[in-house]
Every structure is written in structure tokens, then in C-alpha cells.
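A look at the structure
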Amino acid sequence: MMMPKKVKYRKQQRGRMAGKAWRGSSISFGDYGLKSLQCAWITDRQIEAARVAMTRSIKRGGKVWIRLFPDKPITKKPAETRMGKGKGAPEQWVAVIRPGKILFEMEGVDRATASAAMALAADKLPIRTKFISRDDGE
């Protein structure tokens, strides 16, 4: 699973998810991309599932870029624990996604193959997404 090698602080506050993505909102590397249309936390497991679905679909043709990284720790207290006694232990890692962020990019395959692969990846994610290409002007 994806996670940072080292972090300055083990636990983080939840923060706000409002607003749009200004950085990472245009295709930089490939010809096709998957753009988010909602705010969400995407876990390391969801990112990996989407990556596997995409790479299996294109059958070793083309190149895939993952444009998101789970660098936010999510804590959880054990089941049947009373209130208080501090914040729980870090449980998993998530990436904070805002509308407009490019999640994955791809090149080296035709548009139909890329669209089908991105659709499979989008089914693994908890948000609505949109398939875009460099020549669409987005």
C-alpha cells in the first residue's frame, strides 16, 4: 500500500474538504486522464485497487501515472472503548481530493482502451469522475 516513509507528526486533525483543486488540475504527463468531480478522502487501498484494474485492462501497453498520494493519517479508537483517553492510533492513510484534481493519467494506448481502463478504475473509487483527454482542451 502507498504511505509516506516518514512524517513529522503521527496524527493530524481532520481539516476541511471544501473548495476546488487549483494545483494538479490539468493533464501534465499523459494523453488521457481521470478527473475528480467531488470532494473525498481516497484511501491507499482504493488507489491500489484502481491502479491494478487499470493496468490489467491495458495489458502491459502504455504508461500510467498516479497523480495522488495518501499522506494524511486517519486515526481510529478500538471497538467498545469508552470516551476519552486521547486520540486513537493511526489506522490508515488517505489522500484528500477536491473537485478538478487529476487522479490518474495514461498514454501509449488508443482513446477507447484508455476510456475503458479509466472506467474500471473509476468504479473502484468512492467519487464521481470524468474521463478527459489532452486534445479536448481541458
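For the structure itself, look to the data block above.
This write-up is about the structure you can find in this document. Within each chain, residues carry numbers counting from 1 in the order of the written sequence. With the structure being a predicted model, the display of local features is reserved for residues of pLDDT at least 70 and the display and counting of side-chain atom pairs for 80 or more, all residues being used for whole-chain, interface and lining totals. The side-chain quantities take in all heavy atoms of the structure and omit both hydrogens and water.

1. Here's the deal with unusual backbone geometry
Positive phi is not limited to glycine here, since arginine 60 has a value of about 60°. In this fold, arginine 60 is placed in the loop between α1 (44-58) and β3 (63-66). Located in the positive-phi region is lysine 85, a residue other than glycine, with phi close to 60°. Exposure remark for lysine 85: the relative accessible area of 84% places this residue in the exposed category. Helix and strand definitions here come from DSSP, where helices need a minimum of 4 consecutive H or I residues and strands a minimum of 2 consecutive E residues; each element is numbered from the N-terminal end. Whether a residue is buried, partly exposed or exposed follows from its accessible area with a 1.4 Å probe, protein chains only, as a fraction of its type maximum: under 20%, in between, or over 50%, in that order.

2. Section: the packing of aromatic side chains
To pair, rings of Phe, Tyr and Trp, with the six-membered ring standing in for Trp, must have centres within 6.5 Å; the planes then decide the type, stacked if under 30 degrees apart, edge-to-face if over 60, and tilted in the middle. Taken as a whole and judged by the stated rule, the model has two aromatic pairs. Residues phenylalanine 29 and tryptophan 65 carry aromatic rings whose centres are separated by 5.8 Å and whose planes lie at 20° to one another, so their mutual orientation is stacked. Of the two residues, phenylalanine 29 sits in the segment before β1 (32-36) while tryptophan 65 sits in strand β3, which places them 36 residues apart along the sequence. Residue classification places phenylalanine 29 among the partly exposed positions, given a relative accessible area of 45%. Aromatic pair tyrosine 32 and phenylalanine 131: ring centres 5.7 Å apart, planes at 20°, arrangement stacked.

3. What to know about the sheet that holds β3
A pair of strands is treated as paired once DSSP finds two or more bridges between them. Strand order across the open sheet formed by four strands is β3-β6-β1-β7, with antiparallel pairing between neighbours. Edge strands, defined here as strands with exactly one partner in the open sheet, are β3 and β7 (129-133). Strand-to-strand twist across the sheet, computed as the mean angle between neighbouring axes with direction ignored, equals 20°. As defined by bridge partners, β3 adjoins strand β6 (residues 102-107) across four bridges and the pair is classed as antiparallel. Paired with lysine 63 across the two strands is glutamate 107, which belongs to β6. Interaxial angles span 0 to 180 degrees and are taken between N-to-C directions of axes, which are lines fitted to C-alpha atoms, for helices over the stretch in contact.

4. Here's the deal with the sheet that holds strand β5 (residues 89-97)
Across the sheet, which stays open at both edges, the three strands sit in the order β2-β5-β4 with antiparallel pairing between neighbours. In the strand order of this sheet, the two ends are held by β2 (40-43) and β4 (72-76), each with one partner. Each strand axis lies, on average, 50° off the axis of its neighbour in the sheet, ignoring direction. Where β4 meets β5, five bridges bridge the pair, whose relative direction is antiparallel. Among the inter-strand pairings, isoleucine 74 is bridged to a residue of β5, identified as glutamine 92. Sheet strands in contact with α1 are β2 and β5, and its direction is about 70° off that of β2. We call two residues in contact whenever any of their non-hydrogen atoms come within 4.5 Å of each other.

5. Observations concerning the nonpolar core
Nonpolar side chains tend to gather and get buried jointly when the protein is soluble and globular. Throughout this description, the term nonpolar core refers to a set of buried Ala, Val, Leu, Ile, Met, Phe, Trp, Tyr and Cys residues connected via side-chain atoms within 4.5 Å. Leu68, Phe104, Met106 and Leu125 are the most contacted members of the largest nonpolar core, which has 23 residues in total. Counting residues per element, the ones that place at least two in this core are β1, β2, α1, β5, β6 and α2 (111-123). Ranked by residues supplied to this core, first place goes to α2 with five residues. Residues in contact with phenylalanine 104, not counting those within four places in the same chain, are Tyr32, Gly33, Leu34, Ile47, Ala50, Met54, Trp65, Ile66, Leu68, Met118 and Leu125.

6. Things to note about the environment of lysine 11
Mapping lysine 11 onto the fold places it in the segment before β1. Spatially, the C-alpha atoms of lysine 11 and alanine 89 are 8.0 Å apart, while their sequence positions differ by 78 residues. The contact partners of lysine 11, leaving out residues within four places of it in the chain, are Pro73, Thr75, Lys87, Gly88 and Pro90. What qualifies as a polar contact is a pair of N or O atoms within 3.5 Å, subject to a donor-acceptor requirement within protein and to the restriction that residues adjacent in sequence count only when both atoms come from side chains. For lysine 11, the side chain forms a polar contact with the main-chain oxygen of glycine 88, separated by 3.4 Å.

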